[in-house]
Amino acid sequence: MFCIVILWTLVMGVIYLHLFLNLNNIQKAFCKLSQFTTGSNVFFICSVVSFRKVKIIGNVLGLNTKGFLFQSWRRSSKTLWLFLGTERFWFTHTGIISPQTRFNMVSCLEHPAGGYKKIFESCEELAEPIPAHVSGKIPAWLTGSLLRMGPGLFEIGDEPFYHLFDGQALIHKFDLKDGHVTYFRRFIRTDAYVRAMTEKRIVITEFGTAAYPDPCKNIFSRFFTYFQGIEVTDNCLVNIYPIGEDFYACTETNYITKVDPDTLETIKKVDLCNYLSVNGVTAHPHTEPDGTVYNIGNCFGKNMSLAYNIVKIPPPQEDKSDPIEKSKVLVQFPSSERFKPSYIHSFGMTENYFVFVETPVKINLLKFLTSWSIRGTNYMDCFESNDKMGTWFHLATKNPGEYMDHKFRTSAFNLFHHINCYEDQGFIVVDLCTWKGHDFVYNYLYLANVRQNWEEVKKAALRAPQPEVRRYVLPLDIHREEQGKNLVSLPYTTATAVMCSDGTVWLEPEVLFSGPRQAFEFPQINYKKYCGKNYTFAYGLGLNHFVPDRICKLNVKSKETWIWQEPDAYPSEPLFVQSPDAKDEDDGVLLSIVVKPGVTQRPAFLLILNATDLTEIARAEVDVMIPVTLHGLYKP
C-alpha cells in the first residue's frame, strides 16, 4: 500500500511539474481548440489534487477559476474530455470566448489563410439599402443607425493608393428598427473623389500617396503644376461627428464634409480655416451634453512659431444658425519645437481641464511647405521623429481657457487614442493607448505591409513599436521643494510623478494591459455618462500584429479582461450604446461590424454584444463584403 501511495505521488508530481513547465504550450493548446468551436461550449475535464491548485494553474494561465467547480453547464455536441487522473474539474471555453473565461487580452488565433487581406480591397457603393438576415433577438429599445467611416476605394484605374489612410471615403449605415436591419453605403463626393473619378487618376495627394500632374498636359503645363502650391485633401475617411443638428465626415485636415445621415448624400464641403486659426483639426473632437464641441489643431502662434489651439464650437443655436460660424479659439498650447509640431490624433478632456500629449512624432513644416511644391511628395514624407525629446504632457483650464505652465515629461511613445481622463483628489488621471518609442507606427500601415502573408505580417510587427495601455497621473499642486519625492498619493494606482531638479515633473505610468504585439486600440467608453469622470470599463478592438481579430473589455481598476473572438473573423471598433434603463456603467450593448471572408454566404455582419460580459445578443448578416472601417457613431 505504501508503495502505491509513493508511486501515485510521483506520478502526480510529474504531471504538475509538466503542467507548470509547459504552461505556455497549454495555453496555446486551449486557444488552438477555440478555433474549432463556434458558439458551443467545450468542456475540459482535468485531474487535480485540490481546488487550490486548480486556481493556481488557472491564474498562471490567465483564467479566472472562481466558481468553476460549481457552475451549471449544458451538454454540447462538441465535448472534449481530458483525463490526467481520477479527480476532475471542468470549465467552459468557447470559440467565442466565454464570458466565464477571463483571459488576458492576448489573441489566441493565428491567421495563416490571410483572410484579413479582404478588408483592404475596394468595393462598390449600393444603389439602395439591402436587408440583413438577423439571428438572435435585437433589443426592442435599440432603434437607430450605426454610421461608420473608412476607405472603400484603394485604387483609381491603374493607379494604386499606398497607405491604409489613402482609400477614398466610404460611409456605411446599419439601420435598426423593430428587430429588422438594413445596410447601406455610399462614397462621399469629396473633391478628391469626384475629380479622381472624372479624370480616372489620383488628382489630390493623400496621406501616403502623391498625386502627379496630368500626363496629357504638355511639359510646360506639367512643370508649372508643381509650383501651384499645396492642394490639401478633403478625403474624409476617418470619422463622423455631429455639430449642432448636422453631421460631418472628417479626416485630419482643415476640411470637413457635411453629409445627410439618412440618405448618405454629400451636402457640402466646409473649410474650417474660414472660421478658426488652425491648419487642421483632429478626427476625435469631444462633445459636451449640451452639444458644445471641442477640438485641437496646430496653428501659427506668437513670433511665427508653431502652437496648438483648442477650439470651441457652440451647441445648436436657437435661431437655427450654423454653430461653426460662431467657433472660437479657447486656449493655446506652446510647441516644444518652433517649426515642427507634433502629430495629434486625439486629446483629453476632464470636467475642468484639457490634456494635450505632445509626442516625439513631428511634422517637418519646412519640408512640407518646400519639397511639396518642388517635387512629388506626400504627408508621410514630412513626418520625422525626435529621438531626444521624449513625451510632454500639457494642461489647460476650460473655463476660463488658460494654459497651465506645468512641465510634465516622460519617455517617448506614439499616441493615437485617449481612453479617458478624469480628476480625483487634486490629480488628473490620464488613460492612453500608447506605442513605445519614437518610431512612427503609421510607417507600418502601408497597404503592402498589411496585405502580406501572415508570417510576414508578424515579422513586420516585430520591428514596430510595442503597444501598451497606460495610466499616467498628473498632480495639480506642484511644489519645487519636493524634489525626488513621488507626488502621487492616490491609493489605487502605481503611477508616479517626481519633481526633477530642472523644475519638470517626470511621470512613470501604471501599465493596465501589455501583450507582445497585441494592442488594445480604438478605445470606447460609456461616453455619455463617464467622459471626463472616474470610470471602470473600457472597450476596444484587439489588434494581433496589426490585424483586428477580437473585441476586448478592460476593467481599468482591477485589470480584469473579457474578449469576444471567432476564427477568421475581423471586427471593427466596438461602439457602446447605453440601455435606456441602465443602472450600472456597463449596462448596454456593443456594436461592431465583423467581416468573415472565408464564408461563401453573408460574409459580413453587424454584431451586437452584451457589454457586461461580451456574450452575443444578435447578429445581422449581409451578402456583401465590407472593407475596413475606422471610426463612427450610433445615432438614436
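All residue numbers here refer to positions counted from 1 along the written sequence of the relevant chain. It should be noted that, the model being predicted, local features are given only for residues of pLDDT at least 70 and side-chain atom pairs only at 80 or more, the latter also being counted only at that level, while totals for whole chains, interfaces and linings use all residues. Hydrogen atoms and water are omitted, and side-chain values are computed over all heavy atoms in the structure.

- As recorded by an unreviewed UniProt entry, the chain carries the name Retinoid isomerohydrolase RPE65 and is attributed to Cyprinus carpio.
- The annotation that UniProt attaches to the chain under Sequence similarities (unreviewed entry) is "Belongs to the carotenoid oxygenase family." UniProt positions are given in the numbering used here, feature names are shortened, and annotations may be inferred rather than shown by experiment.

## A short note on the overall build of the chain
Argument step 1. Counting its regular elements, the chain contains 9 helices and 38 strands.
Argument step 2. Expressed as a percentage of its 636 residues, the buried residues of the chain come to 57%.
Argument step 3. Of the roughly 27,300 Å² that the chain leaves accessible, carbon and sulfur atoms contribute 54%. A helix here means a DSSP run of H or I that spans at least four residues, while a strand means a run of E at least two residues long, and both kinds are numbered starting from the N terminus. A 1.4 Å probe rolled over the protein chains alone gives each residue an accessible area, and that area as a share of the maximum for its type sets the label: buried under 20%, exposed over 50%, partly exposed in between. The Shrake-Rupley method, run with a 1.4 Å probe, gives the accessible areas here. Residue values count only the displayed protein chains as cover.

## Some thoughts on the pairing of strand β25 (residues 427-436)
Argument step 1. Buried residues dominate β25, accounting for 9 of its 10 residues.
Argument step 2. Any two strands with at least two DSSP-identified bridges between them are counted as paired. Two strands pair when backbone bridges link them, and strand β24 (residues 413-424) and β25 are joined in this way by 10 bridges, in the antiparallel orientation. Each residue of the ladder has a partner; that of L415, found in β25, is T434.
Argument step 3. Hairpin connection of β24 to β25: 2 residues between the antiparallel strands, including Q425 at a positive phi of 55°.
Argument step 4. Relative to strand β26 (residues 467-475), β25 is paired through 9 bridges, and the arrangement is antiparallel. Pairing of T434 across the sheet is with E468, part of β26.

## Some words on the UniProt feature "binding site: Fe cation" (unreviewed entry) in the chain
Argument step 1. Per the UniProt annotation, the sites labelled "binding site: Fe cation" (unreviewed entry) are H284, H345, H417 and H631. Annotated residues spanning 348 residues; largest pairwise C-alpha distance 12.5 Å, indicating a single compact cluster.
Argument step 2. Mapped onto the fold, H284 is located in the loop between β13 (266-271) and β14 (286-287).
Argument step 3. A relative accessible area of 15% places H284 in the buried class.
Argument step 4. The residues touching H284, leaving out its near neighbours within four places in the chain, are N239, N295, H345, S346, F347, H417 and H631.
Argument step 5. Side-chain atoms alone can form a polar contact between residues adjacent in sequence; in general such a contact is a pair of N or O atoms within 3.5 Å, and within protein one must be able to donate a hydrogen while the other accepts it. In this structure the side chain of H284 is engaged in a polar contact, spanning 3.4 Å, whose partner is the side chain of H417. Residues are treated as being in contact if the distance between any of their heavy atoms lies within 4.5 Å.

## A closer look at the sheet that holds strand β27 (residues 496-499)
Argument step 1. Sheet architecture is open: 6 strands sit in the order β18-β19-β22-β23-β28-β27, paired in mixed fashion. Sheet topology places β18 (348-349) and β27 at the edges, where each strand pairs with a single neighbour.
Argument step 2. Of the pairings in the sheet, the one linking strand β22 (residues 391-397) to strand β23 (residues 402-410) comprises 6 bridges and is antiparallel in character. Paired with F393 across the two strands is F408, which belongs to β23.

## Examining the pattern of salt bridges
Argument step 1. The salt bridge criterion pairs a side-chain nitrogen of Lys or Arg with a carboxyl oxygen of Asp or Glu, the two atoms within 4 Å. Under the defined criterion, the tally for this structure stands at 30 salt bridges.
Argument step 2. For K320, the salt bridge goes to E245, with nearest N and O atoms at 3.5 Å. Note that K320 is positioned in the loop between β16 (306-313) and β17 (328-334) and E245 in the loop between β10 (239-243) and β11 (246-250), a separation of 75 residues in sequence. The residues K320 and E245 share a single accessibility class, namely exposed.
Argument step 3. For K596, the salt bridge identified is with E566, shortest N-O distance 3.1 Å. Of this pair, K596 sits in the loop between β35 (588-595) and β36 (604-610) while E566 sits in the loop between β33 (561-564) and β34 (575-578), and the two are 30 residues apart along the sequence.
Argument step 4. We classify E566 as buried; its relative accessible area is 1%.
Argument step 5. Through salt bridges with shared partners, one network takes in E566, K596, E616 and R619.

## Observations concerning helix α8 (residues 454-463)
Argument step 1. Within the sequence span of α8, burial applies to W454, V457, K458, A460 and A461. An end-on view of α8 places all buried positions within 160° of arc, on one side of the element. Opposite its buried face, α8 presents the exposed residues L462 and R463, each directed more than 90 degrees away.
Argument step 2. Those residues of α8 that are buried lie in contact with α7 (447-450), β31 (537-544) and β32 (547-555). To obtain the arc, one takes the directions from the helix axis to the C-beta atoms.

## Notes on the confidence of the model for the chain
Argument step 1. When pLDDT is averaged across the chain, the result is 85; 80% of the residues are at 70 or more.
Argument step 2. Here residues 19-103 is a poorly scored stretch, pLDDT under 50, and it has 148 contacts once near neighbours within four places are set aside; other chains count. Across the chain, each position has a pLDDT score giving the predictor's confidence in that residue, from 0 to 100.

## Some remarks on helix α4 (residues 191-199)
Every α-helix winds through 3.6 residues per turn, so residues three or four apart in the chain are directed the same way.
Argument step 1. Residues of α4 that are buried include every one of A192, Y193 and A196, and no others. The buried residues of α4 occupy an angular sector of 95° when projected down its axis, which confines them to one face.
Argument step 2. If you follow the buried residues of α4, they end up packed against β5 (144-153), β6 (155-156), β8 (168-177) and β9 (180-187).
Argument step 3. Positive phi shows up at K200, right after α4, with a value of about 60°.

## Some details on the sheet that holds β35
Argument step 1. Taken in spatial order, the 5 strands line up as β4-β37-β36-β35-β34 in an open sheet, and their pairing is antiparallel. Looking at the sheet topology across the chains shown, the edges are occupied by β4 (133-136) and β34. When the angles between neighbouring strand axes are averaged without regard to direction, this sheet yields 20°. Whenever a helix is involved, its axis is fitted only over the stretch in contact; in every case the axis is a line through C-alpha atoms, and angles between N-to-C directions fall within 0 to 180 degrees.

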